[in-house]
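Architecture and fold: a report
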Amino acid sequence: MQIQHDVSGEVAVLHLQGKIMGGPDATSLHEKLHELIDNGTLSVVVDLEGVAWMNSSGLGILIGGLSALRKSGGDLRLARVTEKIEEVLRITKLDRVFDIYGNTDDAVASYGS
Amino acid sequence: MKKATEKKYRSRIDAVVKAERLAGKVTKKLKISEPERVDICIAVTEAVNNAVEHGNKMLNDKFVTLLFEYSDDKLRITVEDQGEGFDLEAVENPLSPENLTKPNGRGLLIVDALMDNVEVSSSTTGTKVIMIKKR
């Protein structure tokens, strides 16, 4: 998995590529999210267009990041969720927990509204 | 059922990546459709991850066995660990409101949803997960 990090105003956008299934890749996502939180970034968008699928390890890292950010008054929002990830979010009912957007611009703009 | 392949992995976290690669190869060879291959790969990573982390507790002297068997109408995957087992009845429901934002506990739920039939048996000598996907 690859992570590309962009900044749009006060919003950090993480573009992920590959599969998120646990192991070293999942560790790097966990570390990236916590690096952002430690540096005071409270508004995060995770762009999943390049992620074919993820398993519960990937979901666990996203939900961990979401919880940590919400506790600090921030949020983690998802953009461009692929079909298989949408299915996994539905199975786990996490589609009710995350705010999900069709594109990254809308997800970034949602922090201003 | 014909045996496609069987592998033993040490209880390290990279076993998940290796098992996913093997699942990809086996399902490609068996000409399973792409959406079903993805379901199988996800299910295999969930079961192997549980076996390594929760079953064998990442102990280096314990192994996880991954077996693929097939017939004309189904693929059967068995994941077995050498841990101390767990009480199936005590597993918390990950869909309960109080568990919804917990970082873990969703693996078996996902396996159950993506595969056609799943059987889990656990004893003090290990846990075995049998997953079936119809072809």
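A brief look at the structure comes next. (Residues numbered from 1 in each chain as written. Chains lettered and ligands numbered in written order. Predicted model: local features only at pLDDT ≥ 70, side-chain atom pairs only at ≥ 80, totals over all residues.)

1. Some thoughts on the overall build of chain A
Operational definition: For the purposes of this entry, the term helix denotes a DSSP run of H or I that reaches at least four residues, the term strand denotes a run of E that reaches at least two, and both are numbered from the N terminus. As a reference, a globule follows 2.2 Å times the number of residues to the power 0.38, and the radius of gyration itself is taken over C-alpha atoms.
Of regular secondary structure, chain A possesses 4 helices and 5 strands. Each helix (α) and strand (β) of chain A, taken in turn from the N terminus, gives the series β-β-α-β-α-β-α-β-α. A globule of 113 residues ought to have a C-alpha radius of gyration of about 13 Å, and chain A, at 13 Å, matches this closely. The principal-axis extent of the C-alpha atoms belonging to chain A is close to 30 × 25 × 25 Å.

2. What to know about the overall build of chain B
Across its full length, chain B holds 3 helices and 5 strands. Listing each helix as α and each strand as β along chain B from the N terminus yields β-α-α-β-β-α-β-β. The C-alpha atoms of chain B give 14 Å as radius of gyration, which agrees with the globular expectation for 135 residues (14 Å, within 12%). Principal-axis analysis of the C-alpha atoms gives chain B an extent of 40 × 35 × 25 Å.

3. What about the pairing of strand β4 (residues 75-79) of chain A?
Residues and elements named next belong to chain A. Worth spelling out the cut-off: Whether a residue is buried, exposed or partly exposed is read from the other C-beta atoms within 10 Å of its own C-beta, which are placed from the backbone; 20 or more gives buried, 12 or fewer gives exposed, and intermediate counts give partly exposed. When DSSP finds two or more bridges between a pair of strands, those strands are recorded as paired. If you view a crossover with the strands going away from you and the path from the first strand over the helix to the second runs clockwise, you call it right-handed.
In terms of burial, β4 is largely enclosed, as 4 of its 5 residues are buried. Alignment of strand β3 (residues 43-54) against β4, held across 5 bridges, turns out to be parallel. If you follow aspartate 47 over to β4, its bridge partner there is alanine 79. Each parallel crossover has a hand, and for β3 linked through helix α2 (residues 56-71) to β4 it is right-handed. Bridge count for β4 against strand β5 (residues 100-101) is 2 bridges, and the pairing is parallel. Residue leucine 78 lies in a different strand from β5, and its bridge partner there is isoleucine 100. This β-α-β element, β4 to helix α3 (residues 83-91) to β5, shows right-handed connectivity.

4. A short note on the interface of chain A and chain B
Heads up, the condition is: Two residues qualify as a contact pair if the distance between their C-beta atoms, derived from the backbone, is within 7 Å. Ten residue types, Ala, Val, Leu, Ile, Met, Phe, Trp, Tyr, Cys and Pro, are classed as nonpolar, four, Asp, Glu, Lys and Arg, as charged, and the remainder, Gly among them, as polar.
Between chain A and chain B, the residue contacts involve 18 residues of the former and 21 residues of the latter. Per-element accounting of the side of chain A that touches chain B gives the leading share, 7 residues, to α2 of chain A. A per-class count over the side of chain A that touches chain B returns 7 nonpolar, 9 polar and 2 charged.

5. A closer look at the sheet that holds strand β5 (residues 126-134) of chain B
All names here are of chain B. Spelled out, the test is: To obtain an axis, a line is fitted to C-alpha atoms, over the contacting stretch when the element is a helix, and the angle between two such axes runs from 0 to 180 degrees between their N-to-C directions.
Taking strand neighbours across the sheet as the criterion, the 5 strands line up as β1-β2-β3-β5-β4 in an open arrangement whose pairing is antiparallel. Strand pairing shows two members of the sheet lacking a second neighbour, β1 (2-10) and β4 (117-123), which therefore form its edges. Adjacent strand axes in the sheet meet at a mean angle of 10 degrees, parallel and antiparallel pairs treated alike. Pairing analysis gives 8 bridges linking β1 to strand β2 (residues 63-70), with the strands arranged antiparallel. Paired with lysine 3 across the two strands is glutamate 69, which belongs to β2. Those strands touched by helix α1 (residues 14-29) are β1 and β2, and its axis lies near 165 degrees from that of β1. Strands β2, β3 (74-80) and β5 of the sheet are contacted by helix α2 (residues 34-55), whose axis makes an angle of about 175 degrees with β5.

6. Thoughts on the packing of α1 of chain B against α2 of chain B
All names here are of chain B. Note the following rule: For classification, angles of less than 35 degrees are called roughly parallel, those exceeding 145 degrees roughly antiparallel, those between 65 and 115 degrees roughly perpendicular, and all remaining angles oblique. Each crossing gets its hand from how the near helix is turned against the far one by less than a right angle, where anticlockwise is left-handed and clockwise is right-handed.
Taken N-terminus to C-terminus, the directions of α1 and α2 make an angle of 150 degrees; their axes are 9 Å apart at the nearest point. Considered as vectors, α1 and α2 are oriented roughly antiparallel to each other. Where α1 crosses over α2, the two elements pack in a sense that is right-handed. Together, Ala15, Val16, Ala19, Glu20, Ala23, Gly24, Thr27 and Lys28 of α1 and Arg37, Ile40, Cys41, Val44, Thr45, Val48, Asn49 and Val52 of α2 make up the contact between the two elements. Looking at the contact of α1 with α2, its residues break down into 9 nonpolar, 4 polar and 3 charged.

7. Quick look at the nonpolar core
Quick reminder of the rule: We define a nonpolar core as a collection of buried residues of the types Ala, Val, Leu, Ile, Met, Phe, Trp, Tyr and Cys that are connected via C-beta atoms lying within 7 Å of each other.
Judged by nonpolar contacts, the single largest core of 64 residues is most densely connected at Val46 of chain A together with Ala19, Ala43, Val44, Ala47 and Val48 of chain B. Take this core: its biggest share by element is 10 residues, from α2 of chain B.

8. Quick word on the sheet that holds strand β1 (residues 2-8) of chain A
All names here are of chain A. The mixed open sheet is built from 5 strands, whose spatial order is β1-β2-β3-β4-β5. This sheet does not close on itself; its edge strands, each paired only once, are β1 and β5. Each of β1, β2 (11-20) and β3 touches helix α1 (residues 24-38); the most contacted strand, β2, lies at about 175 degrees to it.

9. With respect to the environment of glycine 60 of chain A
One can find glycine 60 of chain A in helix α2. Not counting residues up to four positions away in its chain, the partners in contact with glycine 60 of chain A are Pro103 and Asn104 of chain B.

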